[in-house]
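Residue strings, one per chain:
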Amino acid sequence: MKQTDQTLLEQLRITEFEIEQRKHLFALEPRDEMLLRAAGNLVESHLEELVTRFYELQTSTPEIALLIGDADTLQRLRAAQRRYVVDLFSGIYDLEYVNIRLRIGLVHKRIGVEPKLYLAAVDSLKFLLAEKLTELIPESDVRLHTLLALDKLMMFDVALVFETYIRSLVAEIETSRNKSEQYARALEEKVATRTRQLEELSRTDPLTGLLNRRYLDETLTRMLRSAQRRYEKVALVYLDVDDFKLLNDSEGHQRGDEVLRMLGEIIGRTTRLEDGCFRYGGDEFCIVLPNCDRKQAEEVFLARLNEELAAVLPGLTLSAGCSETGPDDFVLPEELLGKADQRMYEMKQRHRMEVAAGPGKTGEQASVDQPIVGR
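Residues numbered from 1 in each chain as written. Predicted model: local features only at pLDDT ≥ 70, side-chain atom pairs only at ≥ 80, totals over all residues. Heavy atoms only, no water.

Student: Before we move on, could you go through the sheet that holds strand E3 (residues 276–281) and cite the residues and values that matter?
Tutor: Within the open sheet, the five strands sit side by side as E1-E3-E4-E2-E5. Their pairing is mixed. Either end of the sheet is taken by a strand with one partner, and the two such strands are strand E1 (211–212) and strand E5 (318–325). Both E1 and E3 contribute to a ladder of two bridges, which runs parallel. The residue of E3 that forms the bridge with Leu211 is Phe278. The strands touched by helix H13 (residues 294–312) within the sheet are strand E2 (234–241), strand E4 (284–290) and E5, with E5 carrying the most contacts at an inclination of about 150 degrees. (Pairing = 2+ DSSP bridges. Helix = DSSP H or I, 4+ residues; strand = E, 2+ residues; numbered from the N terminus. Contact = heavy atoms within 4.5 Å. Axes fitted to C-alpha atoms, helices over the stretch in contact; angles between N-to-C directions.)

Listed below in structure tokens is the structure:
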């Protein structure tokens, strides 16, 4: 059940038994209740005078006058104070009486009455009531015990008021803490998200969306260690776009960037989730294929890449080199990369020689000019 569905009595778990316990703590006995009830008629006959003097004292304090604010508010407060004085001398201090005292504490907290101002007001009211009772009760013994009874009851009331005042203050602190924690969590999530985004940006090539060269060494080392544990081979494919400088010079750098971007998309579609796809720099790309050997890389991966390339970028050719390592012995990452780079370079040299030889080249020579891609 939410707090808003409970009364203040329920929230504070105050029962009739609890009230009797509190009366015992403040030594508020049946005789005190009887004495206060007997003094009630005397006090009520001077009620307006008491309330008027009380608010004259209150409004003489600038802080209290500022809280009261206007004449309408003052009238409402005067009416509430009259009821309170009547209740003080009713002689009945039950659940209803306690609930009203609790609400007074809650209201004082909500409107911003500081504890020092509330206690000063209580002290003023007690002084005025004691002065009036001293004037109205001739018997010294009755007067003395009536004043003691009044003192006990007002302390009983103050304790109730402060319980709700403090409880409301604690609830505010708790709410503020929860909001702060929520804000901190939201901020942490934003920072974590932004950190992930920055990490992603730091390892991603902005043009192609593939991983960048900076991230290649780390990924390749991790994949080789994983393959070593699993006793699997790893293949690496090194790609270079043929005559890319000529493309840039003839069609412009914007077209060159578009070709690289589209090639990055083709590589992304052709590879598996576990593969690592990198733009190594310029028009060069590296693809790391775990659990794959050189033959599979050439006959399956590059064949599929070739099909995609021919469909999307007809006429564009690539030089490719493949290398493998494992499962018995594993070379270092730079050696695996170097072997694939060397084989790519050899293919590019053959391509240039064939172009230089012209249309009279043999069919065997022509075959190496086919785009090397896809699996």
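Student: Can you break down the pairing of E2 residue by residue, with the values?
Tutor: Counting buried positions along E2 yields eight of eight residues, so the element is predominantly enclosed. Judged by which residues are buried, E2 turns out to be covered on both faces: Val234, Leu236, Tyr238 and Asp240 on one side and Ala235, Val237, Leu239 and Val241 on the other are all buried. Bridge analysis of E2 against E4 gives seven bridges, and the strand direction is antiparallel. Across the sheet, Val237 pairs through a bridge with Ile287, a residue of E4. For E2 and E5, the ladder comprises eight bridges, and the chain directions are antiparallel. Bridge pairing links Tyr238 to Gly321 in E5. (Buried < 20%, exposed > 50% of the residue type's maximum accessible area, 1.4 Å probe, protein only.)

Student: Explain H13 to me, and be specific about the residues and the numbers.
Tutor: Across its 19 residues, H13 extends 26 Å between first and last C-alpha, which sits within 8% of the 27 Å expected from 1.5 Å per residue. Turning to H13, its buried residues are Ala297, Phe301, Leu302, Leu305 and Leu309. Summarising the contacts, the buried residues of H13 are in contact with E2, helix H12 (253–270), E4 and E5. Between a side-chain oxygen at the N-terminus of H13 and the backbone nitrogen of Lys295 the separation is 3.3 Å; the capping residue is Asp293. (Expected span 1.5 Å × (residues − 1). Polar contact = N/O pair within 3.5 Å; in protein donor to acceptor, adjacent residues only side chain to side chain.)

Student: Before we move on, could you go through the layout of surface pockets and cite the residues and values that matter?
Tutor: Over the atoms rolls a probe the size of a water molecule, and in doing so it shows where empty space is left. Reported here for the largest pocket is a volume of approximately 920 Å³. Lining of the largest pocket is provided by 31 residues; of these, Tyr55, Leu77, Gln81, Ile104 and His108 occupy positions nearest its centre. Going through the elements one at a time, helix H4 (47–59), helix H5 (62–68), helix H6 (71–88), helix H7 (95–110), helix H8 (115–136) and helix H9 (140–203) are the ones with two or more residues in the lining of the largest pocket. Ranked by residues supplied to the lining of the largest pocket, first place goes to H6 with eight residues. Here the residues of the lining of the largest pocket sort into 21 nonpolar, four polar and six charged. (1 Å grid on protein atoms, 1.4 Å probe; cavity = no way out; pocket = protein on both sides within 12 Å on 5 of 7 lines; lining within 4 Å. Points joined across faces, edges and corners; volume = space filled by probe spheres on them. Nonpolar A, V, L, I, M, F, W, Y, C, P; charged D, E, K, R; others polar.)

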